[in-house]
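Listed below, chain by chain, are the residues.
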Amino acid sequence: MTPADTGASTTVGAASAVSVPDTSDSRMAPGGPGYRRMSLALFLAGVATFALLYSTQALLPLISGDMGVTASDASWTVAAATGGLAVFVLPMSALSERFGRRTVMTASLAVAVTVGLLVPFAPSLPALVALRAVQGAALAGLPASATAYLAEEVTPRALVTAIGLFVAGNSVGGMSGRVITGWVAQEWGWRIAVGVIGAVAVACAVAFRLLLPAPKHFRAGSLRPRVLVRTVRDHLANPLLRRLYAIGALFMTVFGGVYTVIGYRLSEAPFSLPQGLVGSIFLVYLVGTVSASTAGRLVGRLGRRGALYLGGGTTAAGLLLSLASSLPLVLLGLVLITAGFFAGHAVASSAVGKTAQHGRAQASALYQSAYYVGSSAGSTVGALAFHSGGWTGTVGVGLLAVLGVVAITVTGSLAARRVTGTAAGAGA
């Protein structure tokens with residue numbers, strides 16, 4: 001992605017003593033040595049991350065009933081986890097620059113799964129929220145480190161596809177975690193359900209560590225605060241990166257709000273679905289698996305801005321359709337929301353990896369921080385909107401966020417035209 005494509009320089013500051021990817025042909029590519037193992041390992045890491053991160057989301061009505069709290073109070077079990085990740089993703093990315101991507105990802109998963117086995121024993125809502133915050137902080141080592149690992153170890157042509165597979169793992173983890181917890185909780189309660197997710201995550205973490213190839217192109221950087229601050233400042237000074245960060249946050253605001261509240265809506269009249277069926281609604285995440293893994297082809301046909309417009313438009317159409325009182329139409333709306341979100345997220349996150357010329361872990365960490373701030377905001381604001389205005393209020397919050405995505409993408413297009421004097425090509 002060139003400056004002419006985007007309307008913003010892709011140079012984010014002077015080079016510092018951080019990892020620099022090798023541009024030789026020794027990097028992994030589809031069909032080459034290690035690529036399948038790497039893809040499966042990071043897919044499983046994505047499964048574990050989202051299964052743990054959102055393990056309580058489908059269970060919020062049961063948690064509300066068991067602990068005698070409102071929907072907005074129970075939503076903090078989700079917001080605390082995503083908020084902890086958002087706060088700690090940048091420090092964890094700095095550790096990955098010094099100690100290596102694989103090391104940090106392994107340690108993060110180990111701590112997160114350990115906390116996951118303690119969550120079922122939380123005696124009160126404050127204790128549950130605290131454990132979830134610690135779990136989110138531990139998981140912070142995964143997203144930015146994984147993106148940086150791929151940017152260094154995978155050929156540029158395969159990067160969007162590789163990141164799409166990692167995001168697809170996120171969607172499978174989010175789906176399977178919610179479906180499993182829904183049916184298990186219906187029989188044995190929400191505590192047993194989150195314990196089962198913890199056990200699944202342990203298996204994923206072990207397989208991840210055994211499968212992931214050792215990095216060949218990582219170069220250790222510095223942990224000096226001055227270097228970190230300079231790198232972060234350089235990234236935030238780049239207009240393109242700022243736009244990508246905002247797009248990720250806004251997409252996740254929609255997604256976090258919708259899936260935090262949907263369980264309450266479907267368990268109430270006129271649908272009145274049992275917990276098992278409410279959890280099964282998250283099977284629509286399979287659509288996200290497909291849309292994320294095909295993001296590379298989408299960008300090839302439409303360009304990055306075109307792909308973002310399509311993702312935003314699809315999400316908005318799904319939000320409007322979900323207002324219907326017919327269950328099939330609501331489900332179709334969720335399908336469109338999920339497809340649009342995962343496509344937009346895969347496009348934006350891969351663009352960050354390509355744009356940053358140094359400190360890729362920090363560039364990705366800033367994106368992930370914005371992304372999960374959006375998740376926390378969506379969970380909290382979406383629940384408050386539902387409490388005050390019902391599902392229409394939650395949809396209104398989502399539509400405002402989508403409008404923000406479109407406005408930012410238009411801004412990028414106009415910036416490109418000012419720089420080149422012509423219509424820009426495939427920028428973001």
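Residues numbered from 1 in each chain as written. Predicted model: local features only at pLDDT ≥ 70, side-chain atom pairs only at ≥ 80, totals over all residues. Heavy atoms only, no water.

Q: Sorry if this is basic, but what is going on with the pattern of salt bridges here?
A: Between side chains of opposite charge, pairing is possible as soon as their charged atoms come close. Across all of its chains, the model carries one salt bridge by this definition. The closest approach of N and O atoms between Glu152 and Arg101, which form a salt bridge, is 2.3 Å. Linking Glu152 in helix 8 (residues 143-153) with Arg101 in helix 6 (residues 101-118), this pair joins segments that are 51 residues apart in sequence. Here Glu152 matches Arg101 in class, with each residue buried. (Salt bridge = Lys/Arg side-chain N within 4 Å of Asp/Glu carboxyl O. Helix = DSSP H or I, 4+ residues; strand = E, 2+ residues; numbered from the N terminus. Buried < 20%, exposed > 50% of the residue type's maximum accessible area, 1.4 Å probe, protein only.)

Q: Before we go on, may I ask you to explain the confidence of the model for the chain in this structure?
A: Any region with low pLDDT has predicted coordinates that should not be read closely. This prediction gives the chain a mean pLDDT of 84; 91% of its residues lie at or above 70. Mean pLDDT across the elements of the chain bottoms out in helix 1 (residues 3-6) (34) and peaks in helix 7 (residues 125-139) (95). Counted against residues more than four places away or in other chains, residues 422-427, with its pLDDT under 50, gives 16 contacts. (pLDDT = per-residue confidence, 0-100. Contact = heavy atoms within 4.5 Å.)

Q: What am I meant to see in the packing of helix 2 (residues 35-53) against helix 10 (residues 190-211) here?
A: Two packed helices can be described by the angle between their axes and the distance between those axes. Remark: helix 2 packs on helix 10, axes separated minimally by 8 Å, with the N-to-C direction vectors making an angle of 155°. On the basis of the axis angle, helix 2 is roughly antiparallel to helix 10. Two packed elements cross with a definite hand, and for helix 2 against helix 10 that hand is left-handed. Each of Arg37, Leu40, Ala41, Leu42, Leu44, Ala45, Val47, Ala48, Ala51 and Leu52 in helix 2 lies in contact with helix 10, whose residues at this interface are Ile197, Gly198, Ala201, Cys204, Ala207, Phe208, Leu210 and Leu211. (Axes fitted to C-alpha atoms, helices over the stretch in contact; angles between N-to-C directions. Parallel < 35°, antiparallel > 145°, perpendicular 65-115°, else oblique. Left-handed = near helix turned anticlockwise from the far one by under 90°.)

Q: Explain the environment of Val202 to me, please; I cannot follow it from the model alone.
A: Structurally, Val202 can be placed in helix 10. For Val202, a relative accessible area of 30% gives the class partly exposed. In this view, Val202 contacts Val113 and Leu117; residues no more than four positions away in its chain are not counted.

Q: So what exactly am I meant to see when it comes to the environment of Val347 here?
A: Mapped onto the secondary structure, Val347 falls in helix 16 (residues 327-355). Judged by relative accessible area, Val347 falls into the buried class, the value being 1%. Sequence separation of Val347 and Gly248 is 99 residues, and the distance between their C-alpha atoms is 9.6 Å. The contact partners of Val347, leaving out residues within four places of it in the chain, are Ala295, Val299, Arg304, Ala307 and Leu308.

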